[in-house]
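Structure assessment
As a plain string of letters, each chain reads:
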Amino acid sequence: MTAFVVRRILVNIIVFILIGIGVFLLVRAAPGDPVRMMIRPEDLQEGSEAFIQGRREELGLNDPILVQYARWFLDALTGDLGSSFISRQPVSGLLAERLGPTILLMSTALGISLLIAIPLGTVAAIRRNTSVDYAAAALSLGVISIPSFFLGIVAIYVFSLQLGWLPSSGMSTPGGGGGTDVLQHLIMPAAILGLAGAGPLTRYVRGSLIDELSADYVRTAEAKGGSPARVVTRHALRNSLIPLITIIMINIPQMLAGAVVLEQVFAWPGMGQLAVRAVTQQDYPVIVGFALYVAALVLICNLIADIAYAIVDPRVKVS
Amino acid sequence: MSDLRPSLDTPDVAAAEEVVAAEATATGVRTQRRSPAAMAVRRFKRNKVAVAGGVFLLIILVLALFAPLIAQQSPTAVDLGQIRRPPSGEHWLGTDASGRDVFARLLYAARVSLLVGVFAALVSVLLGTVIGAVAGLFGGWVDTLLMRTADMVLSFPPIVVIIVLAGLLGPSIPILIIAIAATTWPTPARLVRGVTLTVREREYLHAARVAGASRGWLLRKHIVPAAMGQIVVVGTLLVAQAILAEAVLSFLGLGVQPPQASWGNMLNDAQSLTVIQSMPWLWLPPGLAIAATVLAVNFVGDGLRDAVDPRQSGRS
C-alpha cells in the first residue's frame, strides 16, 4: 500500500511539473511584452526603448529560456507567483483571499448534490422504469443540456427580481451581515451548482445499486426474512456507496468549472471571478497562478480518488 | 462521459426484434439482406424522441442557412435611435443595447454556434481517432504514454482549461475550436483504441498485414470502418458539449467577439440586473435556443447509440 501511494504521489508531482512547463511556455508564446504590461500607459511615453531593454535585463527576460523557467519554478515553489499586472498585489495573496468563498460555494453545492443524488438514485434503482426513474433520467439529461449560467439568470429573474426573496449578487450585504445573510446569498448559486452535480451522481448511485441488488448476498438477506427497506438500506445501498468517495473526487474538478461560471453570474467573490477578470484584462501572472491552483486541485483529487479506490478494491494496486 | 448519459426511451424491445431479424438474415431464413447501417437507421427511426430531436435540428439548420432570407433586418446594423426596444412588428424580438435586431442576431448566431460545435467535434474526433488507433496499433510504451495522457486530460475540466487557453492566446473562433478539441479528444481516442485492440486480432487484419498493408492503410480501410458507428455517436455527443462550451466562453466574453453574434455572447448583456429585470427579450431567446439545441443533439446522440449498438442501451 505504501509503495503504491508513494508511486502515485511521485507520478502526480512529475505531471504537475510538466503542466508547469506547459503553462510557462504558453505564457511566453502569448502576445504582449510583460515589461510593457507592467509599465503604466501614462509612463510609457517617457520610457524609451533603452529603459525597456534595461528592465528586461533586470527582470532576467533576456536570459536563456531554461534559466528563466528554473527561476520561475523555484519562485513558484516558495509560493511567489509574482504580482498582478493590474493591481500590483502579489498573486498568491489575491488567490488565497478568494479560496474561502469558492470552497464554501463548492462544498455547499456538493452537499446539495449528495442530498439529491442518493435518495433519487436509490428510488430510481428500486422502482426502475417508473416516473421517478424517468425523472432521474430527465434530471441528468437536463443538467448536461441547459447551461448553468442561463439557469442562474432565470433564477435571478424569478427569485430576486420578481419575488424579491433572495439577493442577486455578492456574498454579503454591505454593512449588514452575519451568517444568515451569507446563507441567503449562497442559496441560489449553490443550489444550481448542486443540481448540475446531482445529474452524474444520480446516474452513478442508480447504476451501482442496480448492480448490488442482483448480488447473491441480497438474495440471502431477503431469504432470511429481511424487509425490502432493510435489505436496501442496510445491505445493498451501503455496498453500492463504498466507491462514492472516488466518484466525488472525480466530480470535484467538473464542479469547479461550474463554480467559475456561476461566480460570474452571481458576482460571488471567488477564484473563478478573479480568473475570468484576469483573463479579460490579460493579467498573465494571475492567470498562471489560477492555472497552477486548478492543476494542483485536480491532481490532489485524482490522488485521493486513486488511493480511496485502492483501499476499497485491493486488486487495483497489483496492476 | 457518454456512458453516463441516460436515454429517455426504451428501445430494448425494438432492438431485440432487430437482433432476431439480424440472426434470421445471417442464417439465410430471410432472403432480403440488410446492412448493419440500414438496420441502425431502422432502429433510429423507431425512437420517437431521437427523431423529434433530429427534426428540430434540421429546422434550426434551415433557419441558420437561410438567415439572410428570413431575417428582414441586418444582425450588425447599429441604430442608436432604437436602443433596447421591446418586441414589435418591425423588430420581432426587440433590439439590443446598440439597437441591433435581436431576431436577426439570433438566426445569424445559430450559424456561429453550430459551426463552432460541429467543427470542434470534428477536429476532436479526428485527433482522437488517430491517437487511439496509433495507441492500439503500436501498443507498448506508446500506448501507455498516450492513454495516460488521455486520462490526465480527461480529469481536467474543459471549461477551465479553455478559459486559461483563451486568456493566454487571446479569444477567437479558431482558438475556441482548437481549445475544445484539445480538451475533448480522449473520449474518441479511448473508443478507437478499444476497437483497434479487438480488430487487431481478427484474421482479416492478419491477412491484410501479411499482404503488406501499411499502418495507414489498416487505419483507413479496417479500423475506421469498424469503429465508424460508435465514432458517429461520440462525435454527436461532442457537438452538444462543444455548443455548450462555446456558449459559456462567449457568455464570459472569452469566445466569439462582438459585433459577430453567437448565442453565448448575446447572453453576455444579461450580466446587468436592469437587463435581466426589464428586457427578457434580450436573454430569454438565446438561452432557450442553446438549451433546446443541446437537448436535441443529446437526444439524437442517445438515439444513435441505441441504434448502432442495441446492447449498449442507456437503460440497463
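What counts and what doesn't
Residues numbered from 1 in each chain as written. Chains lettered and ligands numbered in written order. Predicted model: local features only at pLDDT ≥ 70, side-chain atom pairs only at ≥ 80, totals over all residues. Heavy atoms only, no water. UniProt positions renumbered as here; feature names shortened; annotations may be inferred. Helix = DSSP H or I, 4+ residues; strand = E, 2+ residues; numbered from the N terminus. Rg over C-alpha atoms; globule rule 2.2 N^0.38 Å. Buried < 20%, exposed > 50% of the residue type's maximum accessible area, 1.4 Å probe, protein only. Contact = heavy atoms within 4.5 Å. Salt bridge = Lys/Arg side-chain N within 4 Å of Asp/Glu carboxyl O. Polar contact = N/O pair within 3.5 Å; in protein donor to acceptor, adjacent residues only side chain to side chain. Nonpolar A, V, L, I, M, F, W, Y, C, P; charged D, E, K, R; others polar. Axes fitted to C-alpha atoms, helices over the stretch in contact; angles between N-to-C directions. Left-handed = near helix turned anticlockwise from the far one by under 90°.

- Going by an unreviewed UniProt entry, chain A carries the name ABC transporter permease and comes from Jiangella aurantiaca.
- Regarding chain A, the relevant UniProt record gives this comment under Subcellular location (unreviewed entry): "Cell membrane".
- Regarding chain A, the UniProt comment filed under Sequence similarities (unreviewed entry) reads as follows: "Belongs to the binding-protein-dependent transport system permease family."

Quick notes on the overall build of chain A
- Along the backbone of chain A there are 15 helices and 0 strands.
- Here the C-alpha radius of gyration of chain A, 25 Å, is well above what a compact globule of 319 residues would show, namely 20 Å.
- Each principal axis of the C-alpha distribution contributes one length, and for chain A these read about 90 × 60 × 35 Å.
- Across the 319 residues of chain A, 44% fall into the buried class.
- Pairs at least 24 residues apart make up 71% of the contacts formed inside chain A by residues separated by at least 6 positions.

A look at the interface of chain A and chain B
- Chain A puts 51 residues into the contact, and the matching count from chain B is 48 residues.
- Run the count over chain A and chain B and you get 0 salt bridges.
- Put simply, chain A and chain B have 2 residue pairs in polar contact (both at pLDDT 80 or more) between them.
- Mapped onto the side of chain A that touches chain B, the elements with two or more residues apiece are α1 (2–29), α7 (131–145), α8 (148–162), α9 (179–213), α12 (244–265), α13 (271–280) and α14 (284–312) of chain A.
- Examining the composition of the side of chain A that touches chain B, we find that 9 residues originate from one element, α14(A), more than from any other.
- By residue class, the composition of the side of chain A that touches chain B is 37 nonpolar, 10 polar and 4 charged.

Focus: the packing of helix α5 (residues 102–138) of chain B against helix α11 (residues 215–251) of chain B
Residue and element names in this part refer to chain B.
- Remark: α5 packs on α11, axes separated minimally by 7 Å, with the N-to-C direction vectors making an angle of 140°. Crossing hand, α5 versus α11: right-handed.
- Among the residues forming the contact of α5 with α11, the class breakdown is 18 nonpolar, 5 polar and 2 charged.

Some points on the packing of helix α6 (residues 140–155) of chain B against helix α9 (residues 186–200) of chain B
Residue and element names in this part refer to chain B.
- At their nearest, the axes of α6 and α9 sit 9 Å apart, and the two run at 145° to each other. Every pair of crossing elements has a handedness; the one defined by α6 and α9 is left-handed. For the pair α6 and α9, contact is made by Asp 143, Met 147, Ala 150, Asp 151, Val 153 and Leu 154 and by Pro 186, Thr 187, Ala 189, Arg 190 and Arg 193, respectively.
- Of the residues belonging to the contact of α6 with α9, the class tally is 6 nonpolar, 1 polar and 4 charged.

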